[in-house]
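# Structural characterization, general
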Amino acid sequence: MKRIAILFSGKGTNFAHIVKTLHKQEVEVVFALTNNPNAQGIAIAQEHGIPYGVVEPKNFDLREAYDAVVVDTLKRYSPDLTVLAGFMRILTPVFTEQVKAINLHPSLLPRHKGLKAIEKSYADEHDEGGVSVHLVSSELDGGEVIVQKALLKKDLDFEAYDRAIRALEKEALVEAIQTVLKEN
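Not measured: the values here are computed from a predicted model.

Turning to the overall build of the protein chain, a few remarks are in order. Check the secondary structure of the protein chain and you find six helices and seven strands. Against the compact-globule benchmark of 16 Å for 184 residues, the protein chain has a radius of gyration of 16 Å, which places it among compact chains. Looking at the protein chain as a whole, 47% of its 184 residues qualify as buried. Taking all contacts inside the protein chain whose residues are at least 6 apart in sequence as the whole, residues at least 24 apart take part in 65%.

Have a look at this one:
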């Protein structure tokens, strides 16, 4: 069974979805890591007996030093793939050149890289928005796109659009994990 690690920063809803749909069925989630000691996603790891760690960026002077600790931690668990599921950090080549990873982003890349992508996508001139899962590179939201899923914005208020994007994220993330692991 293929092994994955999950990196997250907040509620862990995408982490929870991966555990519910893939863990111990298609993959084994061998480790979870957060950069936020108050992340609600920690409870998901605890509930499912998944080893987890907290590495806070504030304890490091350089982003590269932070990334080196994350890489060393991940290597102990030997994941076949690392999944960034709401991990709110820009990673340096120290990470991107050593770890095979995918990232979930709530826009149709290359549109709306970075923060506030859902808000930007909702407000732009395009008829559709969506989500992307891409390989992680040292360029912010710039790696090769593996999966994109789109939805029409017509007749959706922002709250409905936000809910629809978050549902699409879960579908796209599972599909991307399956796709990348089949290629290995």
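This part takes up the sheet that holds strand β2 (residues 27–34). Overall, mixed pairing links the seven strands, which are arranged β3-β2-β1-β4-β5-β6-β7 in an open sheet. Looking at strand neighbours, the two that pair on one side only are β3 (52–54) and β7 (145–152), the edges of this open sheet. Neighbour-to-neighbour, the strand axes of this sheet turn through a mean angle of 20°, independent of strand direction. In the packing of helix α1 (residues 13–21) onto the sheet, contacts are made with β1 (2–8), β2, β4 (81–84) and β5 (101–105), and the angle to β1 comes to roughly 160°. Together, β1, β2, β4, β5, β6 (128–135) and β7 form the strand contacts of helix α6 (residues 158–183), whose direction differs from that of β7 by roughly 155°.

Our next topic: the packing of aromatic side chains. Taken as a whole and judged by the stated rule, the model has five aromatic pairs. Here F31 and Y77 contribute two aromatic rings whose centre-to-centre distance is 4.2 Å and whose plane-to-plane angle is 15°, an arrangement assigned as stacked. Linking F31 in strand β2 with Y77 in the loop between α3 (63–75) and β4, this pair joins segments that are 46 residues apart in sequence. Residue F31 is classed as buried on the basis of its relative accessible area of 2%.

As for its placement among the helices and strands, D155 is situated in the loop between β7 and α6. The spatial distance from the C-alpha of D155 to the C-alpha of F60 is 46 Å, given a sequence separation of 95 residues.

For the rest of this paragraph, the subject is the nonpolar core. Counting residues in hydrophobic clusters, the biggest one holds 35 residues, and the most contacted among them are I4, F15, I18, V83, I102, L173 and I177. Residue contributions to this core peak at ten residues, all from α6. Filtering out sequence-adjacent residues up to four positions away, V83 remains in contact with I4, A5, I6, L7, I18, I102, L173 and I177. Counting 17 residues, the second largest nonpolar core, distinct from the first, contains A5, L33, A101 and V136.

Basis of the calculations
Residues numbered from 1 in each chain as written. Predicted model: local features only at pLDDT ≥ 70, side-chain atom pairs only at ≥ 80, totals over all residues. Heavy atoms only, no water. Helix = DSSP H or I, 4+ residues; strand = E, 2+ residues; numbered from the N terminus. Rg over C-alpha atoms; globule rule 2.2 N^0.38 Å. Buried < 20%, exposed > 50% of the residue type's maximum accessible area, 1.4 Å probe, protein only. Contact = heavy atoms within 4.5 Å. Pairing = 2+ DSSP bridges. Axes fitted to C-alpha atoms, helices over the stretch in contact; angles between N-to-C directions. Phe/Tyr/Trp six-rings, centres within 6.5 Å; stacked < 30°, edge-to-face > 60°. Core = buried A, V, L, I, M, F, W, Y, C linked by side-chain atoms within 4.5 Å.

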